Amino acid sequence: MTSRQLALFNNAEAFPEPEPCGTTVVNWGLGADSTAVILRFLENPTAYGLRPDLSDLVLITAHTGMEWPDSIALAEQHVLPLLRAHRVRYVQIARGGASIAQCGIEVLSDTRNPTRIHTSGRWSLLLDLRESGTVPMYGGSRLCSVRAKGEPLDLWFKEHLTGPYRHVVGFESGEASRARLDTSFAKPGRRPWYPLINWGWDRPTLLAYLQDRLGVSYPKSFCWACPYPVSAGALPDHMARSKRFPAQIAQAAMLEYTAQALNPLFTLYAKSSLREELHRAGNTAALDLLAERLDTEPWSVYEVRRVLTPGRSEHCKTWHGPRCARCRKLAAESGTLASELPRCKACQAASGARCARRDPLCSDSGIKGKAWRSVRRVGILGRRQAHAGLERFADRPGRLLEHTASAVPGYPFGFDRVVDARRGASYPTMERQFVAAPARVPSKAASGFEAAWLSAVASTAAAGGQPLEPRTLAMA
């Protein structure tokens, strides 16, 4: 047995196929992976523990509102006719609003005779990113996917499924790490199943299968503002696709430009911006669309404030769990420092949980903790008016208008801002800037922001920092 065959065998053994039960649900993301699984199920249902009439099979798609047009077209042309012919139940949902607890989910379609792929519901990831002035993050836990897909799917399962069910996820044979993470999300009745891993199918294998069955080359399914094509080595394909659909990628570039105006660190990719990649790929159609939108969109001047608090210390992670009050009590009773006593059993079982941070040893000024942000939008103006207003604001002693040149030669993609407080090297710290940007982001701040801001200002003053002048920016 070769090393590759051994790896495939081990993966299949690590993720055994669950026993058939009353319902099998397939997460259909409209891409090649899940589509290959669906076609194989349709060809021979009983071989995979399904009823011959497929009455126990449910396909479900959670829409982000940012799917590529070719993915939608391929699904409508090649897959929906098969679903209609086999009378397979297909459910399409979307998040109902910014708060899923308050708005729930929106069922866009639930039918055994599907005729179209919906592109969006009332809420979309595009609207969410636009109003928050951010882009999807290329590190961390993929919160955009959690909000747009994970949470709506979990709620639908909870509301519509009773008893055990097999939950099919299209991870390929080389994605065992993703499958291991997925198995950690225990839900009542859920029995995760990764058929492609069980079959030993990698991407070339499943693409060849789809080519043979449908006669088409199936693309990867991901949002057009996704940051992961770079890390996944798919940037050339992504840029080629962007040339075919300049309107979609120009929307992603608009999201990035606005986010970078509010925070210079917010580029879509870790080492470059989307605008730079479009320039390298020669996608002048998308860049021209972005330039046109920046000239015609309403603009504003924003005051952006941030507070960065200290992170949790290693001492705290080691000794304090959610019941560290009990450990404190034991330490006090024994007259010993809490750090010198072993954690109680309850604390040990909850390793990594946050404590109340009442002990100064629990915070580390060298580690960045929670970031707070306040955005205040001043006026709805034209682009030239916004820049002129910012120039007038900067024309006072102690202020300086800073211009960041466009990263793309020949295009007006630069930024103008006035920064009157810069973050320090230790935490807590704060920063404040005034910047001209498209008027897409409403004024907003978390409920605890002002208290965090005043605390950071006081800490800076106590350390001998420069006092901040009151907010004075106003637009006619």
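Asker: Mind showing me how you'd approach the packing of aromatic side chains here?
Answerer: The way to describe two aromatic rings as a pair is by their centre distance and the angle between their planes. Within this structure, the stated rule accounts for 16 aromatic pairs. Seen in terms of ring centroids, W156 and F157 are 6.0 Å apart; in terms of plane orientation they differ by 75°. Their pairing is edge-to-face. As far as burial versus exposure is concerned, W156 and F157 are alike and both buried. Grouped by ring-pair contacts, the aromatic residues F41, Y48, W193, W199, W201 and Y209 constitute a single cluster. We note R399 situated over the ring of F393; from NZ or CZ to the ring centre the distance is 3.9 Å.

Asker: Explain the confidence of the model for the protein to me, please; I cannot follow it from the model alone.
Answerer: The predicted coordinates ought not to be read in detail in places where the model reports low pLDDT. Mean pLDDT for the protein: 87, with 84% of residues reaching 70 or above. Per-element mean pLDDT across the protein ranges from 48 in helix α1 (residues 3–14) up to 98 in strand β2 (residues 57–62). Segment residues 1–10: pLDDT under 50, and five contacts once partners within four positions in sequence are set aside and those in other chains are kept.

Asker: Explanation requested: the sheet that holds strand β4 (residues 105–111) in the structure shown.
Answerer: Two modes of strand pairing occur in sheets, parallel and antiparallel, and in both the strands are linked by backbone hydrogen bonds. The strand order across the open sheet built from six strands is β4-β3-β2-β1-β5-β6, with neighbouring strands paired in mixed fashion. In this open sheet, the two strands that pair with only one neighbour each are β4 and β6 (190–193). Put simply, the sheet's adjacent strands are angled 25° from each other on average, direction ignored. One ladder, built from six bridges, connects strand β3 (residues 89–95) with β4; its direction is antiparallel. Each residue of the ladder has a partner; that of Q92, found in β4, is S109.

Asker: How should the sheet that holds strand β10 (residues 415–421) be read in this particular structure?
Answerer: The strand order β9-β10-β11-β7-β8-β12 describes an open sheet built from six strands, whose pairing is antiparallel. Lying at the two open borders of the sheet, with one neighbouring strand each, are β9 (401–404) and β12 (444–445). Of the pairings in the sheet, the one linking strand β7 (residues 299–312) to strand β11 (residues 429–438) comprises 10 bridges and is antiparallel in character. What sits directly across from V307, in β11, is M430.

How each quantity is defined
- Residues numbered from 1 in each chain as written.
- Predicted model: local features only at pLDDT ≥ 70, side-chain atom pairs only at ≥ 80, totals over all residues.
- Heavy atoms only, no water.
- Phe/Tyr/Trp six-rings, centres within 6.5 Å; stacked < 30°, edge-to-face > 60°.
- Buried < 20%, exposed > 50% of the residue type's maximum accessible area, 1.4 Å probe, protein only.
- Lys NZ or Arg CZ within 6 Å of the ring centre and 35° of its normal.
- pLDDT = per-residue confidence, 0-100.
- Helix = DSSP H or I, 4+ residues; strand = E, 2+ residues; numbered from the N terminus.
- Contact = heavy atoms within 4.5 Å.
- Pairing = 2+ DSSP bridges.
- Axes fitted to C-alpha atoms, helices over the stretch in contact; angles between N-to-C directions.

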